[in-house]
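The primary structure of each chain is shown beneath.
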Amino acid sequence: MKLNKEDLLLYGVTDSKYLKGRKMSELVEEAILGGVTMIQLREKEMTHEAFKQEALDVQSVCQKHHVPLIINDDVELCKEIDADGVHIGQDDLNLKEARKILGEDKIIGVSAHNYEEAKIALENGADYLGVGAIFATQTKDDAQNISMDTLNEICQKVDIPVVAIGGINQVNILEFMGVAIDGVAIVSSIFGSDDIQKASSLLKDKIQRVISNKMPTCLTIAGSDSSGGAGIQADLKTMLANRVYAMSVIAALTAQNTTGVDAIYDVGASFVASQMDSVFTDIYPMAVKIGMVSQKEVILSISGKLKQYHARNIVVDPVMVATSGAKLISDEAIDTLKENLFPLATVLTPNIPEAEVLSGLKINNEEEMLTAAKYIGDHYHCAVLLKGGHQINDANDLLYKEGNYQWFKGKRINNNNTHGTGCTLSSAIASYLARGENLENAVKKAKDYISGALAAMLDLGQGQGPMDHGYVLDKKD
Ligand SMILES: Nc1ncnc2c1ncn2[C@@H]1O[C@H](COP(=O)(O)OP(=O)(O)O)[C@@H](O)[C@H]1O
Ligand SMILES: Cc1ncc(COP(=O)(O)O)c(N)n1
Ligand SMILES: [Mg+2]
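Residues numbered from 1 in each chain as written. Chains lettered and ligands numbered in written order. Predicted model: local features only at pLDDT ≥ 70, side-chain atom pairs only at ≥ 80, totals over all residues. Heavy atoms only, no water.

As recorded in an unreviewed UniProt entry, the protein goes by the name Thiamine-phosphate synthase, listed as coming from Faecalibacillus intestinalis. The UniProt entry for the protein carries the following text under Function (unreviewed entry): "Condenses 4-methyl-5-(beta-hydroxyethyl)thiazole monophosphate (THZ-P) and 2-methyl-4-amino-5-hydroxymethyl pyrimidine pyrophosphate (HMP-PP) to form thiamine monophosphate (TMP)." (UniProt positions renumbered as here; feature names shortened; annotations may be inferred.)

Here is the structure:
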């Protein structure tokens, strides 16, 4: 029996510490009834005879439900009872030998902790890879952690199925949104649960949704602009126009129009946290854009939640002053931003005045833009896109990342309606990161989008008006 990719969707891995006097085959049957699609029998401290007896019991349950049974480590036992396959680690009997013993018809899975190991396993004829540990796990204390990025890289470069393993539970399973895995291998959250069938069924439902979802998801955490040109409203319009599913956590409300900000109403830190819980435990965002956050407590609650949910692709727009000149952040909050949010950022997107505040340097030309971008990037250990919208000449933006820099040239458009340009650019970058683009391509596409939105020459309001975020839809008429 050879492997179907679909069999890996919810891969239950047993552990006798959860037996509590019951038979392993009973636990396995509950897991299968809940939706587990493949079973791995994993016993570390059992005599050969006892392991064989348990394996035969479990095998009859698996056969009854047409679920493949994989034996951990023990190639001989797999052959002896004619199980469907074996899973071997990096230290176990090597793959070529296992293949010689079992022949081509048996499934052989291999554990890999990095791309090199994955490549070798692929070359030596593995049928699937178990990659981890993704999260901290109690099952294996020596497990190395690997990042979502490495996991995704392995999935994309290796064309055999990949399951993620290590500490996966009902909440963090959503973090695989947008990662090209074929399934998850789970021990404790299935077999350690009081109701194995129910736990399996909930996990199955979640992993099915995560894997089948092809719509990139994106979250903005920012302030509301009642006039709709900047803040949350600009972000949602931008994300929609750049074809991602957009969600919002409102961190502040402004009474604002094109002529200025009349009032600010702060949203409490705990309500911001509640909004983030609601979003991250249901539709996990593949990228997050952070805009106006005016209060220290709110920033702390955002950074705490971003860490808790291992958010990735974080674009931080250090919004300090609106295009109209109004101050949007307290001085105390700027320090909190630097200490707590900047270290989490994939990229920071200051405009020239903001970069001057962050670097303490004056910026009058492109050479000084580079000096400031370098200072900020090296100081806060993140990539920096220093926007040139406030330059007198061209609207050229500078991306500085890990010692390298790249200019994104723009033609200055003779349009005074630039309300919300920073919000729009950062949201467009987040959208393309959610779509799987690397930072350089995301910036390039975002820059093209905003140039088009400015060139559409919308003219609304009595002050510096908003842009036409929907210009891309005109083609559809
Ligand atoms: N008149 C303009 N013509 C073309 N691009 C512009 C113009 N004004 C701003 N931009 C671009 O809009 C983006 C936002 O930049 P900027 O206006 O500096 O940010 P912020 O809104 O945060 O002050 C950048 O890509 C910048 O180059
Ligand atoms: C709620 C809110 N957030 C941000 C901005 C900054 O606008 P810009 O993108 O023009 O810098 C704004 N004016 N209002
Ligand atoms: Mg602006």
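Trainee: Looking at this model, I keep getting lost on the overall build of the protein. Mind explaining?
Mentor: When its secondary structure is counted, the protein shows 16 helices and 17 strands. Each principal axis of the C-alpha distribution contributes one length, and for the protein these read about 85 × 50 × 40 Å. Here the protein holds 477 residues, and 55% of them are scored as buried. In the protein, 66% of the contacts between residues at least 6 apart in sequence involve partners at least 24 apart. When the accessible surface of the protein is split by element, carbon and sulfur atoms take 48% of a total near 20700 Å². Between the mean site of the 45 positive side-chain charges and the mean site of the 64 negative ones, the protein shows a separation of 3 Å. (Helix = DSSP H or I, 4+ residues; strand = E, 2+ residues; numbered from the N terminus. Buried < 20%, exposed > 50% of the residue type's maximum accessible area, 1.4 Å probe, protein only. Contact = heavy atoms within 4.5 Å. Areas by Shrake-Rupley, 256 points an atom, 1.4 Å probe, with all protein chains shown as cover. Lys, Arg positive; Asp, Glu negative; His and termini not counted. Charge placed at Lys NZ, Arg CZ, Asp CG, Glu CD.)

Trainee: I would appreciate a short explanation of helix H11 (residues 296–308) in the present structure.
Mentor: Because each turn of an α-helix spans 3.6 residues, side chains separated by three or four positions in sequence point in the same direction. The end-to-end C-alpha distance of H11 is 18 Å, a good match for the 18 Å that 13 residues give at a rise of 1.5 Å each. Every buried residue belonging to H11 is among Val-298, Ile-299, Ser-301, Ile-302, Ser-303, Lys-305 and Leu-306, and all of these are buried. Tucked into the core, H11 has its buried residues touching strand E9 (217–225), strand E10 (245–257), helix H10 (269–280), strand E12 (287–290), strand E13 (314–316) and helix H12 (331–341). Within two residues after H11, His-310 carries a phi angle of roughly 50 degrees, on the positive side. (Expected span 1.5 Å × (residues − 1).)

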